[in-house]
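Listed below, chain by chain, are the residues.
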Amino acid sequence: MRNQRKKTSGNPAKSYYYSRQQRARLVRLQKVGIVLLVLVIAVVGVLKIVRPGFLSGGKYWELSDDEITAEKPDIDVQLLDVNDYSRPGTESGEITGIVIHYTANPGATAQNNRDYFEGLKDSHITQASSHFIVGLDGEIIQCVPTWEVAYASNSRNYDTVSIECCHPDETGEFTAETYRSVVQLTAWLCEKFGLDSEDVIRHYDITGKDCPRYFVEHEDAWEIFKENVQKSLDAAS
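Quick caveat: nothing in here was measured; it's all calculated off a predicted structure.

Rules and cut-offs
Residues numbered from 1 in each chain as written. Predicted model: local features only at pLDDT ≥ 70, side-chain atom pairs only at ≥ 80, totals over all residues. Heavy atoms only, no water. Helix = DSSP H or I, 4+ residues; strand = E, 2+ residues; numbered from the N terminus. 1 Å grid on protein atoms, 1.4 Å probe; cavity = no way out; pocket = protein on both sides within 12 Å on 5 of 7 lines; lining within 4 Å. Points joined across faces, edges and corners; volume = space filled by probe spheres on them. Nonpolar A, V, L, I, M, F, W, Y, C, P; charged D, E, K, R; others polar. Salt bridge = Lys/Arg side-chain N within 4 Å of Asp/Glu carboxyl O. Buried < 20%, exposed > 50% of the residue type's maximum accessible area, 1.4 Å probe, protein only. Pairing = 2+ DSSP bridges. Contact = heavy atoms within 4.5 Å. Axes fitted to C-alpha atoms, helices over the stretch in contact; angles between N-to-C directions.

**A look at the environment of Ala236**
By secondary structure assignment, the location of Ala236 is in helix 7 (residues 219-236). For the pair formed by Ala236 and Thr69, sequence separation is 167 residues and the distance between their alpha carbons is 5.4 Å.

Below you can see the structure in the form of structure tokens.
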């Protein structure tokens, strides 16, 4: 009798009420899940536009030339031979900055500096190189692929692209031609790697080295340079 009462004592109306509550709760959870999924997709979409490489997991990536709206400068590609002193052939990680340098070699041309880097494989004087060198007349030579490490920026070698700039005298101030090419090249590289002018730094900002000298001694000129890079980026977008 006790077991029979237990089987027949349930309230069908109450059971129906609870099942409706459970269904309603499930529907609410499904709606919340859909809303969250839409929000996640939207956030990911925005981040992919603002910072295209944020899902790269720290690995190298770049936009193709067809995807870049900034004007690509003329680049004379003269890659160094792979060697332990100027082009180790080591793969870069995700590029998070563009580093501006000066050659500290007044009057030397871009070709002079490129040949010096190439000669290090034989002289073994030091380890040094740069991805790009901008010359006194605005010419640009590429020495190392951007997906490889250059010996230029110390602790930031693995996540930056380096630009060495020629200069006519000890002040380190660039010629007008050099300046224009560096702005154009920097803007193009920024778009290539999903960066902006705030990601453009000096060698000085990494190590405290007096490089590039003119931009270290003239902070206002450095800020104007970054503004010009940003204007080039904004004009291209």
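Having seen it, we continue.
**Structural notes on the layout of surface pockets**
Space inside the largest pocket adds up to approximately 360 Å³. Together, 21 residues line the largest pocket, and Thr103, Phe117, Ala128, Glu164 and Lys209 are the ones closest to its centre. Those elements giving two or more residues to the lining of the largest pocket turn out to be strand 2 (97-102) and helix 3 (110-123). With three residues, the top contributor of residues to the lining of the largest pocket is helix 3. Looking at the lining of the largest pocket, its residues break down into eight nonpolar, eleven polar and two charged.

**Considering the pattern of salt bridges**
Here the idea is simple: oppositely charged side chains can pair when their charged atoms come close. Tallied over the full model, the rule gives 15 salt bridges. Between Asp122 and Lys121 there is a salt bridge whose closest N-O contact spans 3.6 Å. Classification of Asp122 by relative accessible area gives exposed; the value is 59%. A salt bridge links Glu170 to Arg213, with the shortest nitrogen-to-oxygen separation between them at 3.8 Å. Here Arg213 lies in helix 6 (residues 213-217) and Glu170 lies in the loop between strand 5 (160-165) and helix 4 (176-192), a separation of 43 residues in the sequence.

**What about the sheet that holds strand 3 (residues 132-134)?**
If you walk across this open sheet you meet the six strands as 1-4-3-5-2-6, and the pairing is mixed. Looking at which strands have only one partner, the edges of the open sheet turn out to be strand 1 (76-77) and strand 6 (200-202). Both strand 2 and strand 5 contribute to a ladder of six bridges, which runs parallel. Opposite Tyr102, over in strand 5, you have Cys165 as the bridge partner. Set on the sheet, helix 7 makes contact with strand 2 and strand 6; between it and strand 6 the angle comes to about 155°.

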